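As a plain string of letters, each chain reads:
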Amino acid sequence: MKIVKYQFQQHGDSRGELVSLEEKNDIPFKIKRVYYMYKTAEGVRRGFHAHKSLKQIMICVHGSCKVLLDNGKEKKIIYMETPYEGLYVPNNYWREMYDFSDDAVLMVLASEIYNEEDYIRDYDEFLKYVGEKK
Ligand code: TYD
């Protein structure tokens, strides 16, 4: 299971850092939606779903958290703490996000607008779905 992390260019100077993300140049899909999670309560674990076609880039723009990715065969835990790193989450990957620091802001760039039909929220159904794809 290959984990793809994008290292974004930082435009830093004595004033501080700046990261700019352009579709096609920095992000491998057309960005149709951006959302972010913050003020995540202690001990919360969220996600618990896969997408049939949607692809994402997750960026922890502040603070830290962990992301568990699972392709139905293998699981990997990715530590997120760098605002200039983007974790690519392909379709058909189960994800869980947890261990959010108090100040964590997890931003997600998504290839599709919100569509509940694209979600697989049941883990057994996910295993069946990815199993049938092989
Ligand atoms: P939810 O899917 O529970 O988030 P997570 O997968 O991170 O646990 O989403 C929380 C709520 O926000 C739910 O009522 C659906 C809504 N929502 C939108 O309206 N648009 C979105 O883009 C997302 C991701 C969620």
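Please read all numbers here as calculations on a predicted model, not as lab measurements.

Calculation criteria
Here the residue numbers are simple positions, counted from 1 along each chain's written sequence. The predicted nature of this model means local features are confined to residues of pLDDT at least 70 and side-chain atom pairs, given and counted, to a pLDDT of 80 or more, with totals for whole chains, interfaces and linings taken over all residues. Heavy atoms from the whole structure form the basis of all side-chain values; hydrogens and water molecules are not counted. Being near a molecule or strand, for a residue, comes down to having at least one heavy atom within 4 Å of it. By the criterion applied in these results, polar contacts are pairs of N or O atoms within 3.5 Å in which, for protein atoms, one can donate a hydrogen and the other can accept it, and in which residues neighboring in sequence qualify only through two side-chain atoms. Residue exposure ignores everything except the shown protein chains as possible cover, and the areas themselves are Shrake-Rupley values with a 1.4 Å probe. Runs of H or I in DSSP of at least four residues are treated as helices and runs of E of at least two as strands, each being numbered from the N terminus. For two strands to be treated as a pair, DSSP must find at least two bridges joining them. Convention adopted: a line fitted to C-alpha atoms gives each axis, helices being fitted over their contacting stretch, and angles between N-to-C directions are expressed from 0 to 180 degrees.

Let's talk about the site of the ligand
The environment of the ligand is formed by Arg33, Tyr35, Arg46, Gly47, His49, Met97, Tyr114, Tyr119 and Arg121. At 3.0 Å, a side-chain N or O of Arg46 approaches an oxygen atom of the ligand. Between the ligand and Gly47, the relevant distance is 3.1 Å, taken from an oxygen atom to a main-chain nitrogen or oxygen of the residue. Protein chains shield 57% of the accessible area of the ligand, which is 530 Å² for the free molecule. Elements with a minimum of two residues in the shell around the ligand: β2 (33-37) and β3 (46-51). The greatest single-element share of the shell around the ligand, amounting to three residues, is contributed by β3.

Re the pairing of β3
Of the strand pairs in this sheet, β3 and strand β8 (residues 94-98) are connected by three bridges, and their pairing is antiparallel. Bridge pairing links Gly47 to Glu96 in β8. As defined by bridge partners, β3 adjoins strand β10 (residues 119-120) across two bridges and the pair is classed as antiparallel. The residue of β10 that forms the bridge with His51 is Tyr119.

Observations concerning the sheet that holds strand β4 (residues 56-62)
In spatial order, the strands read β1-β7-β4-β9-β2; together these five strands make up an open sheet with antiparallel pairing. In this open sheet, the two strands that pair with only one neighbour each are β1 (5-7) and β2. When the angles between neighbouring strand axes are averaged without regard to direction, this sheet yields 25°. When β1 meets strand β7 (residues 85-89), the two strands line up antiparallel, connected through three bridges. Bridge pairing in β7 links Gln7 to Glu85.

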